[in-house]
Amino acid sequence: MAKSKKTIFFCQNCGYESSKWMGQCPGCHEWNTFVEEVTERRAGTSGRAAKSGGKELKPMPLSQVSVTHTERMTTGMDELDRVLGGGLVRGSLVLVGGDPGIGKSTLLLQVCRSLAADGRRVWYISGEESLQQIRIRAERIGSFSDQLLLLCETNLEDITDALRRSKPEI
């Protein structure tokens, strides 16, 4: 199938999309925030089909979905393990969200401490706090194993490369 190019404009401030450039964004009312992006579309497909690689999407009945039970890794915190359905699943990603200052980073540092104390190689990666800030928080929690390594970085490619080289367990 032939591909055609489509130009869209989006606001760098709020993500509002438009088929034409605008001086002021209708979403956030900021000026000169629109940038152009060229996307490829397969001819004869809708935007959704083009995003799915041109294949037809088919829903599946719940009864036909196969389930494999995977071993879970306990965090050492009973309540967190309960919330996670029994612990962490290898290869999974858990998003922890909440208001600033409620203890997300402290909780995750405690989990990392517990997992590292069990002899697992753990990386704690922060895109927000410095190594010194993490160390200050860690000193309030207690002693840590050298199995816990810290990395402060925001570039996802650099983080991915470092993870591939080192291959930490967590």
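The following paragraphs examine the structure supplied in this document. (Residues numbered from 1 in each chain as written. Predicted model: local features only at pLDDT ≥ 70, side-chain atom pairs only at ≥ 80, totals over all residues. Heavy atoms only, no water.)

Quick notes on the layout of surface pockets
Okay, step 1: What the largest pocket holds in volume is close to 1,300 Å³.
Okay, step 2: As for the largest pocket, its lining consists of 34 residues, and the residues nearest its centre are L93, V94, L108, W123 and I125.
Okay, step 3: Contributing elements (two or more residues each) for the lining of the largest pocket: α2 (78-83), β5 (88-89), α3 (104-117) and β6 (122-126).
Okay, step 4: The element best represented in the lining of the largest pocket is α3, accounting for seven residues.
Okay, step 5: Of the residues assigned to the lining of the largest pocket, the class counts are 22 nonpolar, six polar and six charged. (1 Å grid on protein atoms, 1.4 Å probe; cavity = no way out; pocket = protein on both sides within 12 Å on 5 of 7 lines; lining within 4 Å. Points joined across faces, edges and corners; volume = space filled by probe spheres on them. Helix = DSSP H or I, 4+ residues; strand = E, 2+ residues; numbered from the N terminus. Nonpolar A, V, L, I, M, F, W, Y, C, P; charged D, E, K, R; others polar.)

Considerations on the environment of E153
Okay, step 1: Tracing the chain through its elements places E153 in the loop between β7 (148-152) and α5 (156-166).
Okay, step 2: Of note is the side chain of E153, whose polar atom sits 3.0 Å from the backbone nitrogen of N155. (Polar contact = N/O pair within 3.5 Å; in protein donor to acceptor, adjacent residues only side chain to side chain.)

Here we look at the side chain of T75
Okay, step 1: When you line up the elements, T75 lands in the loop between β4 (72-73) and α2.
Okay, step 2: Side-chain polar atoms of T75 contact the side chain of D81, separated by 2.7 Å.
Okay, step 3: Leave out the neighbours within four places in its chain, and T75 touches L80, D81, L84, L88, V111, S114 and L115. (Contact = heavy atoms within 4.5 Å.)

So, α3
Okay, step 1: The first and last C-alpha atoms of α3 sit 20 Å apart over 14 residues, in line with the 20 Å expected at 1.5 Å per residue.
Okay, step 2: Looking only at α3, the buried set comprises L109, V111, C112, L115 and A116. The buried residues of α3 occupy an angular sector of 160 degrees when the element is viewed end-on, so they sit on one face.
Okay, step 3: Here the buried face of α3 lies against β4, α2, β5, β6, α4 (131-141) and β7.
Okay, step 4: One or two positions beyond α3, positive phi appears at G119, with a value near 90 degrees. (Expected span 1.5 Å × (residues − 1). Buried < 20%, exposed > 50% of the residue type's maximum accessible area, 1.4 Å probe, protein only. Arc of directions from axis to C-beta.)

Looking at the packing of aromatic side chains
Okay, step 1: Tallying each qualifying case throughout the model produces one aromatic pair.
Okay, step 2: Positioned above the aromatic ring of F144, the side-chain terminus of R113 is 5.8 Å from the ring centre. (Phe/Tyr/Trp six-rings, centres within 6.5 Å; stacked < 30°, edge-to-face > 60°. Lys NZ or Arg CZ within 6 Å of the ring centre and 35° of its normal.)

With respect to the pattern of salt bridges
Okay, step 1: Across all of its chains, the model carries six salt bridges by this definition.
Okay, step 2: Between E79 and R82 there is a salt bridge, with its nearest N and O atoms 2.6 Å apart. Residue E79 and its partner R82 are located together in helix α2, separated by three residues, close to a single helical turn.
Okay, step 3: Residue classification places R82 among the exposed positions, given a relative accessible area of 58%.
Okay, step 4: A salt bridge links R120 to E169; its shortest N-O distance comes to 3.4 Å. You can see R120 sitting in the loop between α3 and β6 and its partner E169 sitting in the segment after α5, a full 49 residues away along the chain.
Okay, step 5: Among the ionic contacts, a cluster of salt bridges with common partners joins R90, D118, R120 and E169. (Salt bridge = Lys/Arg side-chain N within 4 Å of Asp/Glu carboxyl O.)

A closer look at the pairing of β6
Okay, step 1: Of all five residues that make up β6, four are buried, and the element is covered over most of its length.
Okay, step 2: Examined bridge by bridge, β6 and β7 share five bridges and lie parallel to one another. Paired with W123 across the two strands is L149, which belongs to β7.
Okay, step 3: Between the parallel pair β6 and β7, the chain is carried across by α4, and the sense of this crossover is right-handed. (Pairing = 2+ DSSP bridges. Right-handed = clockwise from strand over helix to strand, strands pointing away.)

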